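Geometric and topological summary
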Amino acid sequence: MPTHGHIDRQEYVMRAAFVSLWCNVVLFTFKGAAFLIVQSLAIATDFAITVVGLSVSLILYYSMKLANRPADIMHNYGYGKIEHVCEAIEGIVLIGIALAMIGQSAKSLMHPSHVTNPWLGLASSTLSFTLNFGGAYYILKMGKISGSPAVRAEGIHYMLEGFISSAIAAAFVISMMLVSAGKGNAALYVDPTVTILVSIAIAIPSFGIAKGAFFKLLDASIEEPSKMDVVVALAHNADLFCNFSDIRTRGAGHKKFIDLKLTLPAQLSFAAANKIARKVENDIMSAVPDSEVFIKMEACLRDCAVLKDGGACPFV
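What counts and how
- Residues numbered from 1 in each chain as written.
- Predicted model: local features only at pLDDT ≥ 70, side-chain atom pairs only at ≥ 80, totals over all residues.
- Heavy atoms only, no water.
- Helix = DSSP H or I, 4+ residues; strand = E, 2+ residues; numbered from the N terminus.
- Buried < 20%, exposed > 50% of the residue type's maximum accessible area, 1.4 Å probe, protein only.
- Contact = heavy atoms within 4.5 Å.
- Areas by Shrake-Rupley, 256 points an atom, 1.4 Å probe, with all protein chains shown as cover.
- pLDDT = per-residue confidence, 0-100.
- Axes fitted to C-alpha atoms, helices over the stretch in contact; angles between N-to-C directions.
- Left-handed = near helix turned anticlockwise from the far one by under 90°.
- Nonpolar A, V, L, I, M, F, W, Y, C, P; charged D, E, K, R; others polar.
- Pairing = 2+ DSSP bridges.
- Right-handed = clockwise from strand over helix to strand, strands pointing away.
- Phe/Tyr/Trp six-rings, centres within 6.5 Å; stacked < 30°, edge-to-face > 60°.

Moving on, we come to the overall build of the chain. In terms of regular secondary structure, the chain is built from 10 helices and three strands. Put simply, the chain runs from its N terminus to its C terminus through helices and strands in the order α-α-α-α-α-α-α-α-β-β-α-β-α. Taken over 316 residues, the chain has a buried fraction of 44%. Within the chain, contacts between residues separated by at least 24 positions form 76% of all contacts whose residues are at least 6 apart in sequence. Surface summary for the chain: the accessible area is close to 16000 Å², and the carbon and sulfur share equals 67%.

This is the structure we're talking about:
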């Protein structure tokens, strides 16, 4: 993946947030009309998800502006964690909708009713999955380029909505075919059954999104590939320092923070030691995009095996 500057990444994030917002406005409009006309639990579930999606899109749009603010006296590490808050909110609300609709569908299975205007429901679902899959493709692409977890979560949400709308459209087709075949009683159970399946399909990935966001809010370390990139960058500079230790990492949105300790020869001047530390910092930041590196320098205690055996320090 090509490396993009901070301004470019911010632009990609805001593009994704803008597309998500306006797609959800369109989805809200025609799904709301279908919800008012079509008496269907599946349509009600689909509309409820879109209401959540629109709310999250609004939060995402303004949160991304806040997330890209530079660090200040109140937030020394910046505002990147608001992206994980967006993830958590989206996951929790979708789980709540899924559980509520499962309960409602269970009641409907005991007291089924006919779906009105199924053709309108089919048209709404068909338009919905077309827009959702198109939006998912674009938003996930922007999420990959920008490295934003909140944008990625929004893209997954759109893809999930696309599959849900596909399932609902298929349910309307099955229901109409059963009615045409003279099996109207069987058609009564299609809508609540599909709603339960759709709700389960919502709950499982939403739990994963919420769980992942909470772990990130607890200062989880950065992903393994980036950790390896840090080690490789240190290895490339191994002839400049005696040792490294105490590597600590954490993520905040698309930003990564890396702390470590470098042991340098005691004979070095402060200026020479600082030059080495800055070079190592810059190499790590080049290897790990969107990272900030903090290096603590300490002088060698001259207690290594080479010096104890009477050898000369290889770093001086």
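What follows covers the confidence of the model for the chain. On average, residues of the chain carry a pLDDT of 77, and 82% of them reach 70 or more. When pLDDT is averaged over each element of the chain, helix α9 (residues 270-287) comes out on top at 87 and helix α10 (residues 305-308) at the bottom at 63. When the criterion is pLDDT under 50, residues 1-7 qualifies, and its contacts beyond four places in sequence or with other chains add up to seven contacts.

Let us look at unusual backbone geometry. Even without being a glycine, D246 presents a positive backbone phi close to 55°. Secondary-structure assignment places D246 in strand β1 (residues 243-252).

With that settled, consider the packing of helix α8 (residues 224-236) against α9. At a minimum axis separation of 9 Å, α8 and α9 run at an interaxial angle of 140°. Crossing angle aside, the handedness with which α8 passes α9 is right-handed. Together, D229, V230, A233 and L234 of α8 and V280, D283, I284 and A287 of α9 make up the contact between the two elements. Class assignment of the residues belonging to the contact of α8 with α9 gives a composition of six nonpolar, no polar and two charged.

A few words now on the pairing of strand β3 (residues 291-299). The sheet contact formed by strand β2 (residues 255-264) and β3 spans nine bridges and is parallel. In the strand pairing of β3, T263 is matched with E298. Read as a crossover between parallel neighbours, the route from β2 over α9 to β3 is right-handed.

The next thing to look at is the packing of aromatic side chains. According to the stated counting rule, one finds six aromatic pairs in the structure shown. Between F129 and F133, the ring centres sit 6.5 Å apart and the planes meet at 65°, which makes this aromatic pair edge-to-face. Taken together, the positions of F129 and F133, both in helix α4 (residues 118-146) and four residues apart, correspond to about one turn of that helix. With relative accessibility at 25%, the residue F129 sits in the partly exposed group. The class for F133 is partly exposed, based on a relative accessible area of 29%. Ring geometry for F133 and F163: centres 5.1 Å apart, planes at 85°, overall edge-to-face. Of this pair, F133 sits in helix α4 while F163 sits in helix α5 (residues 149-180), and the two are 30 residues apart along the sequence. A connected cluster of aromatic rings, assembled from ring pairs, spans F28, F35 and F47.

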